[in-house]
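Structural features, examined
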Amino acid sequence: MKILLVEDELLLSSVISKGLRKCGYAVDCGYDGEEALDLYDVNTYDIIILDLNLPKVDGLEVLRSIRQLNAEIKIIILSARSAVEDKIKGLDFGANDYLAKPFDFFELEARIRNLLRQSFVQQRTQLSCGPVCMDTAKKLVTVHQQALELTKKEYSLLEYLLYHQDRVISAEEIIEHVWDSEVDLFSNSLKYHIHSLKKKLSAVAGDSEIIKNYRGHGYVISYAAEDVSDQ
């Protein structure tokens, strides 16, 4: 999943973004309100983590502007403004959650998972497709109850496909949600990671091809459906 982190404290931004990437998220960083709006305008995000004390454009104004354009995107305010009045104002302006500084990173990550479950109408931390099961809280993937070792990018790919299983997803959409914005859209990175993920799954799942490629359209994760892949 792809996150926009808007935090003007460079060290804190670096620490948070590094931790989120270790958890498998793609992260773009903005350091002022104006840059945040520019990044939002040209990219697609699943969650925005937003500081309020921002240069150029205040965080509440950023929140108000984004909410006028998009009522669905999940936004977490992460701010040193811890007064009840500030929290009420942030939530009234359209934030989905409010976490006051100082904070525990693992609490932030848990809140992100909670909002993502709401985004995809997924009420549990377990996702599954046939013999493939994923526990998003433990970051654990099993196939036929056997643990499967995946790289962070493979895990992120599988997670996004599982959230949208039985739907063909274009390469462009996958890249928008799983890679940072700096990725070269014309590179073979997606094909390489999809191939590696499919190879690992098939090694345990046997002949069942769970991830299929519809050439020219994209990828779908499905189980016990007719294999019409034309790879």
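None of the values given here were measured: they were computed from a predicted structure.

We now examine helix H2 (residues 33-42). Along H2, the residues that are buried comprise Gly33, Ala36, Leu39 and Tyr40. Buried positions in H2, seen along its axis, are confined to an arc of 120° and lie on one side of it. Residues of H2 that are exposed and point more than 90 degrees away from the buried face comprise Asp41 and Val42. Looking at the buried side of H2, the elements it contacts are strand E1 (2-6), strand E2 (26-30), strand E3 (47-50) and helix H3 (59-69). At the N-terminal boundary of H2, the capping side chain belongs to Asp32, with an oxygen 3.0 Å from the backbone nitrogen of Glu34.

On to the pattern of salt bridges. In total, this model carries 14 salt bridges according to the counting rule given. With its nearest N and O atoms 3.3 Å apart, the salt bridge here joins Arg21 to Asp180. Pair noted here: Arg21 is in helix H1 (residues 10-22) and Asp180 is in the loop between helix H7 (171-178) and helix H8 (189-205), with a separation of 159 residues, a long-range link. On the basis of relative accessibility, which here comes to 34%, the residue Arg21 falls in the partly exposed class. Linking Arg111 and Asp97 is a salt bridge whose minimum nitrogen-to-oxygen distance equals 2.7 Å. Remark: Asp97 occurs in strand E5 (residues 97-100) and Arg111 occurs in helix H5 (residues 105-119); sequence separation between them is 14 residues.

Further remarks concern the packing of H2 against H3. Packing of H2 against H3 leaves a shortest axis separation of 10 Å and a crossing angle of 20°. By the angle class used here, H2 and H3 are roughly parallel. Relative to H3, H2 is oriented so that their crossing is right-handed. In contact with Gly33, Ala36, Leu37 and Tyr40 of H2, H3 contributes Val62, Ser65, Ile66 and Leu69. In the contact of H2 with H3, the residues fall into 6 nonpolar, 2 polar and no charged.

To continue, consider the side chain of Ser156. Take Ser156: it is sitting in helix H6 (residues 152-163). Judged by its relative accessible area of 1%, Ser156 falls in the buried class. A distance of 2.3 Å separates the side chain of Ser156 from the backbone oxygen of Gly24, its partner in a polar contact. With sequence-adjacent residues up to four places away left out, Ser156 is seen in contact with Gly24, Tyr25 and Val178.

This part takes up the confidence of the model for the protein. When pLDDT is averaged across the protein, the result is 88; 91% of the residues are at 70 or more. Below pLDDT 50 for its whole length, residues 225-231 participates in 15 contacts with residues either more than four positions away or in separate chains.

Bringing H3 into the picture now. Of the positions making up H3, those classed as buried are Gly59, Leu60, Val62, Leu63, Ile66 and Arg67. When H3 is viewed along its axis, its buried side chains cluster within an angular range of 155° and face the same direction. Along H3, exposed side chains directed more than 90 degrees from the buried face belong to Gln68 and Leu69. Where H3 is buried, its residues contact H2, E3, strand E4 (74-79) and helix H4 (84-92).

Further remarks concern the sheet that holds strand E9 (residues 146-147). Taken in spatial order, the 4 strands make up an open sheet running E6-E7-E8-E9, and their pairing is antiparallel. Only two strands of the sheet have a single partner each, and these edge strands are strand E6 (126-129) and E9. In terms of strand pairing, E6 meets strand E7 (residues 132-135) through 4 bridges, oriented antiparallel. Of the residues in E7, the one forming a bridge with Leu127 is Met134. The strands touched by H6 are E6, E7 and strand E8 (140-143); relative to E7, the strand with the most contacts, the crossing angle is about 105°.

Calculation rules
- Residues numbered from 1 in each chain as written.
- Predicted model: local features only at pLDDT ≥ 70, side-chain atom pairs only at ≥ 80, totals over all residues.
- Heavy atoms only, no water.
- Buried < 20%, exposed > 50% of the residue type's maximum accessible area, 1.4 Å probe, protein only.
- Helix = DSSP H or I, 4+ residues; strand = E, 2+ residues; numbered from the N terminus.
- Arc of directions from axis to C-beta.
- Contact = heavy atoms within 4.5 Å.
- Polar contact = N/O pair within 3.5 Å; in protein donor to acceptor, adjacent residues only side chain to side chain.
- Salt bridge = Lys/Arg side-chain N within 4 Å of Asp/Glu carboxyl O.
- Axes fitted to C-alpha atoms, helices over the stretch in contact; angles between N-to-C directions.
- Parallel < 35°, antiparallel > 145°, perpendicular 65-115°, else oblique.
- Left-handed = near helix turned anticlockwise from the far one by under 90°.
- Nonpolar A, V, L, I, M, F, W, Y, C, P; charged D, E, K, R; others polar.
- pLDDT = per-residue confidence, 0-100.
- Pairing = 2+ DSSP bridges.

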